[in-house]
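Residues per chain are reported as follows:
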Amino acid sequence: MQEVQFEDALDYAKAQDVSDPLAHFRPQFHFPKQADGSPIIYLCGNSLGLQPRLAQQLMQDEMDVWKELAVEGHFKAERPWMTYHEEFSRQLSPIVGALPKEITVMNTLSVNLHLMMVSFYRPTKSRYKIVIEGGAFPSDKYAVDSQLRFHGIDPQDGLIQLRPRMGEDHLRTEDILQALEREKDSIALVMLSGINYYTGQCFDMKSITKKGHEIGAMVGFDLAHAAGNVRLQLHDWGMDFAVWCHYKYLNSGPGCIAGAFVHERHLNRKDLPRFEGWWGHHKESRFKMPATFEPAPNADAWQISNAPILAMVPMRASLALFNEAGMDRLLAKSKKLTAYLEFLLNQLPTDRIRILTPKDPKDRGAQLSIQVKGADRSLFDDLVKNGVIGDWREPDVIRISPAPIYNSFEDVYRMVQILKKCLQL
Ligand SMILES: *Cc1c(COP(=O)(O)O)cnc(C)c1O
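Rules of the game
Starting from 1, residues in each chain are numbered consecutively following that chain's sequence as written. It should be noted that, the model being predicted, local features are given only for residues of pLDDT at least 70 and side-chain atom pairs only at 80 or more, the latter also being counted only at that level, while totals for whole chains, interfaces and linings use all residues. To obtain the side-chain values, all non-hydrogen atoms of the structure were used and water was disregarded. For the purposes of this entry, the term helix denotes a DSSP run of H or I that reaches at least four residues, the term strand denotes a run of E that reaches at least two, and both are numbered from the N terminus. By definition here, a helix of n residues has an expected span of 1.5 Å times n minus one. Burial classes: relative accessible area under 20% of the type maximum marks a residue as buried, over 50% as exposed, and values in between as partly exposed (1.4 Å probe, protein chains only). The cutoff for a nearby residue is simple: one of its non-hydrogen atoms must lie within 4 Å of the molecule or strand. Pairing of N or O atoms within 3.5 Å defines a polar contact, subject to two protein rules: one partner must be a possible hydrogen donor and the other a possible acceptor, and residues neighboring in sequence count only if both atoms are side-chain atoms. For accessible areas, the Shrake-Rupley method is used with a probe of radius 1.4 Å. Any residue's cover is judged against the shown protein chains and nothing else. Each residue gets one of three labels, nonpolar for Ala, Val, Leu, Ile, Met, Phe, Trp, Tyr, Cys and Pro, charged for Asp, Glu, Lys and Arg, and polar for the others, Gly among them. UniProt positions are given in the numbering used here, feature names are shortened, and annotations may be inferred rather than shown by experiment. The contact criterion used is simple: two residues touch if any of their non-hydrogen atoms lie within 4.5 Å. Here, any two strands with at least 2 DSSP bridges between them count as paired. Salt-bridge detection follows one rule: a side-chain nitrogen of Lys or Arg within 4 Å of a carboxyl oxygen of Asp or Glu.

Engineer: Looking at this structure, how should I read helix α14 (residues 409-422)?
Structural biologist: An α-helical turn contains 3.6 residues, so any two residues separated by three or four positions project in the same direction. Its 14 residues give α14 an end-to-end C-alpha distance of 20 Å, which sits within 8% of 20 Å, the value for a rise of 1.5 Å per residue. Listed as buried for α14 are F409, D411, V412, Y413, M415, V416, I418, L419 and C422. Trailing α14 by a residue or two, Q424 shows a phi angle of about 55°, which is positive.

Written as structure tokens, this is what we have:
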């Protein structure tokens, strides 16, 4: 039941690029180059997105502001440092589907996850368990384990890890909901990823949030692989919090400042504990340096330190491009591009290849996780030698993520040809 009739041919891929309404975004990114100067086929946006060309100029501009205005850059710069991060909340609003006041940009992802759990993981004697997916990203597992121990709870007892059924690769939504029902009186927090980094499965965040709330738990999501990659409606889905990074699909540079969402209903709550610092203080009175903390009326209340401007600069370049392209167009292209990759992989004359990622486009984003039976890392090294950068996960999985903002149908076509050559098919 394929809407588009794909063709396994270079001419076809090139024709798709010619009619791609987003094709003009590709030249606005730097592609790494091979030894002969030709661009690498870069399909690793799930790990580190490419550099927007404009980023370097914006970085230089900010260095000049520092040079020329020094401390006055906080107020007198064209884009004053005092309010520098606020624009990001507005730009991220359509990308994550939240009100600007529910979004803040601060710290890095795992740090934000901890800060959110300080507020939203409040175990009691009977309700103290955290639910995550088995095979969660290691940092998330470490974060929840350490939160449990911080509260004096043994992770052996306090952590529920959801596993797919025997012989299956993905968690079924019905099984997730049933697991919540089974432990409905003991779960304090449900904290899954939006998209699992290994399989590429996108979870039904809306249903999970609804069920989590029904049983009286808090619900948060790690959207590292989901932000800028799939449709998100954080406000409407009603989850309590979410965190994400900007260096994967959102192309804002290695270790770039991360995002956090706190649902509107938790803003301005005086009873909610939080680790506080001066940048979370109400900005009108922050510089009166009052002795008592008065929280900002938005998600900025969770900010602790003043904004690391230089680490935020690339977001200006990248989020502007994202909003210019628009999520609707990006998602339409993404679905087609990933389906094309899937189609081409399915044409390969071998039974060594198995795609771990769900087939249904609503259950995935750009990434396909390709298991190559009997392969080891040398396959990945071969791909790199032939000019393809994807991402290798032990023992035998290549993750390939065509990013709709800069990848082309030709990239996808050529990548599969190179894979074919490396596998000697
Ligand atoms: C990429 C990723 C991280 C990385 O965390 P940092 O704090 O940015 O180093 C954490 N969790 C998930 C699910 C990820 O995909």
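Engineer: Just checking my understanding: could you explain the site of the ligand for this structure?
Structural biologist: Taken together, L109, S110, F137, D140, D222, A224, H225, Y247 and K248 make up the full set of residues near the ligand. D140 places a polar side-chain atom, nitrogen or oxygen, 2.7 Å from a nitrogen atom of the ligand. Contacts to the ligand include K248, whose side-chain N or O atom sits 2.5 Å from an oxygen atom. Contact with the protein chains removes 83% of the 390 Å² of surface that the ligand exposes when unbound. Residues of the shell around the ligand, tallied by class, amount to 4 nonpolar, 2 polar and 3 charged.

Engineer: Would you mind showing me how to read the UniProt feature "modified residue: N6-(pyridoxal phosphate)lysine" (unreviewed entry) in the protein chain here?
Structural biologist: As recorded in UniProt, the feature "modified residue: N6-(pyridoxal phosphate)lysine" (unreviewed entry) lies at K248. For K248, the location among the structural elements is in the loop between β9 (241-244) and β10 (258-262). Here K248 falls in the buried class, since its relative accessible area comes to 7%. If sequence neighbours within four positions are ignored, K248 has contacts with G45, N46, S47, L48, G49, A224 and H225.

Engineer: What is the right way to look at the pairing of β10 in this model?
Structural biologist: As a general feature of sheets, a regular strand has side chains that alternate between the two faces. Among the 5 residues in β10, 5 count as buried, and that is most of the element. Residues of β10 alternate between two faces, with A258, A260 and V262 on one and G259 and F261 on the opposite face, all of them buried. Across 4 bridges, strand β4 (residues 103-106) lies against β10 in antiparallel orientation. Of the residues in β10, the one forming a bridge with I103 is F261.

Engineer: In this structure, what is going on with the pattern of salt bridges? I would like to understand it.
Structural biologist: Side chains bearing opposite charge may pair, as long as their charged atoms lie close to each other. Counted by the stated rule, this structure contains 30 salt bridges. Between E87 and R90 there is a salt bridge whose closest N-O contact spans 3.0 Å. One end of the pair, E87, and the other, R90, are both in helix α4 (residues 86-96), 3 residues apart, so they sit about a helical turn from each other. According to the relative accessible area criterion, E87 is partly exposed, its value standing at 26%. Measuring nitrogen to oxygen at the nearest pair gives 2.8 Å for the salt bridge that ties R354 to D169. In this pair, R354 sits in strand β11 (residues 353-355) while D169 sits in the loop between β6 (159-162) and α8 (173-182), placing the two residues 185 residues apart along the sequence. What makes R354 partly exposed here is its relative accessible area of 30%. Beyond isolated ion pairs, a larger network of salt bridges with shared partners links E181, K184, K210, K211 and E214.

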